[in-house]
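Structural characterization, general
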Amino acid sequence: MKIALNVNGRVQEVDVGDPSTPLLYVLRNELGLHGPRFGCGLGQCGACMVHIDGEPTFSCVLPVIALGSRKVTTLEGLLVDGKPGKLQQAFIDEEAAQCGYCISGMVMRAQSLLDAKPHPTDEEIRNHMATNLCRCGTHIAIMRAIRRAATA
Amino acid sequence: MSRNAIAGPASGDGQALMSVRNIALGCVIALLVLAAGLWWVWRPAIAALPEHSAVLADRKNIAHGADLATVGNCADCHTVSGRPLFSGGRPLPTPFGTIYGSNLTPDRTTGIGAWSEEAFKRAMREGVDRKGRQLYPAFPYDHFTFATDDDIRSIYDFLMSRPAVENQVPANQLPFPFNIRLMVAGWKLLFLHQDPLHPEPTQSEEWNRGRYLVEGLGHCGSCHTPRNMLGAEKRGQRYAGGVADNWRAPPLDASLVKRHRWTVDHLTEYLSTGWDRDHGVAAGPMADVVKNLGQVSQDEVHAIATYVVSLSDGAEQPTLPSADKPIADAGSIVAVYDGACARCHNSGRGVGPSNALSLTLSTAVQGPNSANAVRAIMYGIQDYRTHGGPYMPAFDRILTDEQIAALTRYVRTRYSDQPEWTDVEAEVAKARHEGSSP
């Protein structure tokens, strides 16, 4: 079946065989957007995080049929004129990645915080980021990156 | 006709005098009644402990008190998440207004640092603070009144052994007339029954221990017994099921426990780990309770389970879980279920990190209203994340309100033999308003 998706500001029609397919698979396999990653597939780790109408959301447990006309933003959608956005640049500057697998989700999660609250406290950052897991222990660098973006 | 008219000139001076006397007598009686009432509700202040007085307690007593305070779930109402334990300030919404959990740390000005053991015991038994003020029954002294002197002393020793935290909790937000504390005295006259619990000689020691914990410090009835219009537990409907933070607290009586295949062993497992292979996970406010019970000795939890299961002795036979019956014309919601729910809930018995079970086993799905199913779907199971327990993501942003409602109805029809719910849309709107997803 054909489904129209609004992704990163563009409406595109995709052909999905099974309407219960997770949005994540469609983004990666049909649209070639490899920012969101498959981590646990159970809405537990946050590697697949995208924004749905601006809210951070696990795309691995979102059946594509349920999306409707809601707007999706992926990591690629944070680029400004083809270059890393402010928060993405802060992650690069702070070298806030070890293996890097979780970082796309981390950036999406953090972006939603900064959108709502441009200058959060450390406690607010920690509470907000608690839904996303990193197995390498990059948390300190991630904190630094978010703080950098919040104060830049 | 007014009294003056009766006492007018036509009635004669003698009658006027009688009337004045009657009025005077009436006034005196009214004053006496008022005075008796005030005398009855008045409680003296208990002298503050001298400054720098140390409460001497042996360590064993303090440790025992810590266990009892854990069974009593004291920290849940008396701590704001992320703040020091027992430092108070957590808002407790009630149908009458918002009450704030008090500071139970031994700070002299904002906590209970100036309270003697006698003052603490009076608060636990009678619901009166050190200064003699009536305490609102959101503090469940209707249960704590059953605690023994020794146990109250242990809890007191434990609380006084902890670091003092200066934290002035906000004033309660109660509209008139509920802001008049004296009214609580009338409430107690009606609803506070202080007769001690005498052991039942025909029952086992363990059963009696469980009863003491359940009826007393555990205050299970506070949520699992329905309340009347004045907020008191209905005595005639003990454990018939109640409400906690808008979650449905299922009945613990014959209408549920045995029918839902609870045995002492299953219930012990559930109460100490938050999860049982035939019932799934403790969610909502019950998650806090099981996290507490997971810290006390297994013997105490086994005793609690023994007593709770006995509440449904003689009940009808357990019902088997209803079968999964796929529905032919459910439309696109089937794909939503398959994409959002099936990977965990239809993958076998508690396999994988989520420990999800078939929804045929879910008490929430079988219940008389949709309150718990809606809240589990919208806000997930997040309480055990930090210690590797069962988990479910919140679907409040993944799905729209209409999809959540349709999914709730679908799950009810597919996984229970119970009648359709009629409250789903209203519960979704209500839960959306409460909002608690991280």
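Some remarks on the overall build of chain B
Along chain B, the regular secondary structure elements total 19 helices and six strands. If one aligns the C-alpha atoms of chain B with their principal axes, the spans along those axes are about 95 × 65 × 45 Å. A burial count over chain B gives 39% of its 438 residues as buried. The contacts of chain B with a sequence gap of at least 6 include a subset with a gap of at least 24, amounting to 65%.

What to know about the environment of Asn73 of chain B
All names here are of chain B. Note on placement: Asn73 falls in the loop between helix 3 (59-71) and helix 4 (74-78). Note on Asn73: 21 C-beta atoms within 10 Å, which makes it buried. Through-space distance from the C-alpha of Asn73 to that of His219 is 8.9 Å; in sequence the pair is 146 residues apart. Asn73 has contacts with Asp288, Val289 and Asn292, leaving out every residue within four places of it along the chain.

Description of unusual backbone geometry
In this chain, Phe176 of chain B is followed by Pro177 of chain B through a cis amide linkage whose omega measures 0°. Within the secondary structure, Pro177 of chain B is located in the loop between helix 7 (149-160) and helix 8 (183-191). The phi angle at Asp81 of chain A is positive, at roughly 50°, despite the residue not being glycine. On the secondary structure map, Asp81 of chain A appears in the loop between strand 5 (71-73) and helix 2 (86-93).

Details of the domain arrangement of chain A
All names here are of chain A. Split by domain assignment, chain A resolves into domain 1 (2-76) and domain 2 (86-151). Each of domain 1 and domain 2 has a C-alpha centre, and the two are 21 Å apart. Between domain 1 and domain 2, the residue contacts involve 14 residues of the former and twelve residues of the latter. Elements with a minimum of two residues in the side of domain 1 that touches domain 2: strand 3 (49-52) and strand 4 (55-58). Of all the elements, strand 3 adds the most residues to the side of domain 1 that touches domain 2, at three residues. A breakdown of the residues in the side of domain 1 that touches domain 2 according to their chemical character gives eight nonpolar, four polar and two charged.

So, the pairing of strand 2 (residues 10-15) of chain A
Residue and element names in this part refer to chain A. The element strand 2 is largely exposed, with a buried count of zero among its six residues. Pairing of strand 1 (residues 2-7) with strand 2, which is carried by six bridges, proceeds in the antiparallel orientation. Considered in strand 2, the bridge of Lys2 is made with Asp15. Counted between consecutive antiparallel strands, the loop separating strand 1 from strand 2 contains two residues, among which Asn8 sits at a positive phi close to 50°.

The rules behind these values
- Residues numbered from 1 in each chain as written.
- Chains lettered and ligands numbered in written order.
- Predicted model: local features only at pLDDT ≥ 70, side-chain atom pairs only at ≥ 80, totals over all residues.
- Helix = DSSP H or I, 4+ residues; strand = E, 2+ residues; numbered from the N terminus.
- Buried ≥ 20, exposed ≤ 12 C-beta atoms within 10 Å, placed from the backbone.
- Contact = placed C-beta atoms within 7 Å.
- Domains from an automatic or database assignment.
- Nonpolar A, V, L, I, M, F, W, Y, C, P; charged D, E, K, R; others polar.
- Pairing = 2+ DSSP bridges.

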